[in-house]
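Structural overview for review
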Amino acid sequence: MRKIFSLSALLFVCGCQQNVVVPTAKELIASPPLLAEWRVKCETGEYSHLSADEKARMCATTGDATISVAQIKAGNEEADFFKANTIRK
């Protein structure tokens, strides 16, 4: 009886777990709040303690999006600097 109850409890717990949908890099770039949330999850939150393989699967797009956002920001700053210095006053 105990084995059946413990097996039932285990199946219930496993059945209630939801699959995590990892956002794409494009979705993360388009949504800064979503990117910030996933960065926290991957750096110090619930995914920070995972094994290397699992962490790579869960957090690879977050790293890609973080790099892309930094490159976009740097490119915009350079474009603004160039524009400010080339406009004839």
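Provided above is the structure to which this section pertains.
Quick look at the structure, then. (Residues numbered from 1 in each chain as written. Predicted model: local features only at pLDDT ≥ 70, side-chain atom pairs only at ≥ 80, totals over all residues. Heavy atoms only, no water.)

Observations regarding the overall build of the protein chain
Within the protein chain one finds four helices and zero strands. When the helices and strands of the protein chain are placed in sequence order, the string is α-α-α-α. Sorting the 89 residues of the protein chain into buried and exposed places 12% on the buried side. Across the protein chain, the fraction of contacts at a sequence separation of at least 24, relative to all contacts at a separation of at least 6, is 49%. By element, 61% of the accessible surface of the protein chain is carried by carbon and sulfur atoms, the whole surface being about 7,500 Å². (Helix = DSSP H or I, 4+ residues; strand = E, 2+ residues; numbered from the N terminus. Buried < 20%, exposed > 50% of the residue type's maximum accessible area, 1.4 Å probe, protein only. Contact = heavy atoms within 4.5 Å. Areas by Shrake-Rupley, 256 points an atom, 1.4 Å probe, with all protein chains shown as cover.)

Topic: the state of the cysteines
Covalently bonding the sulfur atom of one cysteine to the sulfur atom of another cysteine gives a disulfide. One pass over the full model with this rule turns up one disulfide. At a sulfur-sulfur separation of 2.1 Å, the disulfide partner of Cys 42 is Cys 59. Every disulfide takes its handedness from the sign of the S-S torsion; for Cys 42 and Cys 59 that torsion is -95°, giving left-handed. Residue Cys 42 is located in helix H3 (residues 32-43), and its partner Cys 59 is located in helix H4 (residues 52-86); the two are separated by 17 residues in the primary sequence. With respect to burial, Cys 42 and Cys 59 carry one shared label: buried. (Disulfide = S-S within 2.5 Å.)

Observations regarding the nonpolar core
In this structure, Leu 28, Leu 35, Trp 38, Cys 42, Tyr 47, Met 58, Cys 59 and Ala 65 together form the largest nonpolar core, which totals eight residues. Those elements giving two or more residues to this core turn out to be H3 and H4. Those residues in contact with Trp 38 that lie beyond four places of it in its chain are Val 20, Val 21, Val 22, Pro 23, Leu 28, Tyr 47, Met 58 and Thr 62. (Core = buried A, V, L, I, M, F, W, Y, C linked by side-chain atoms within 4.5 Å.)

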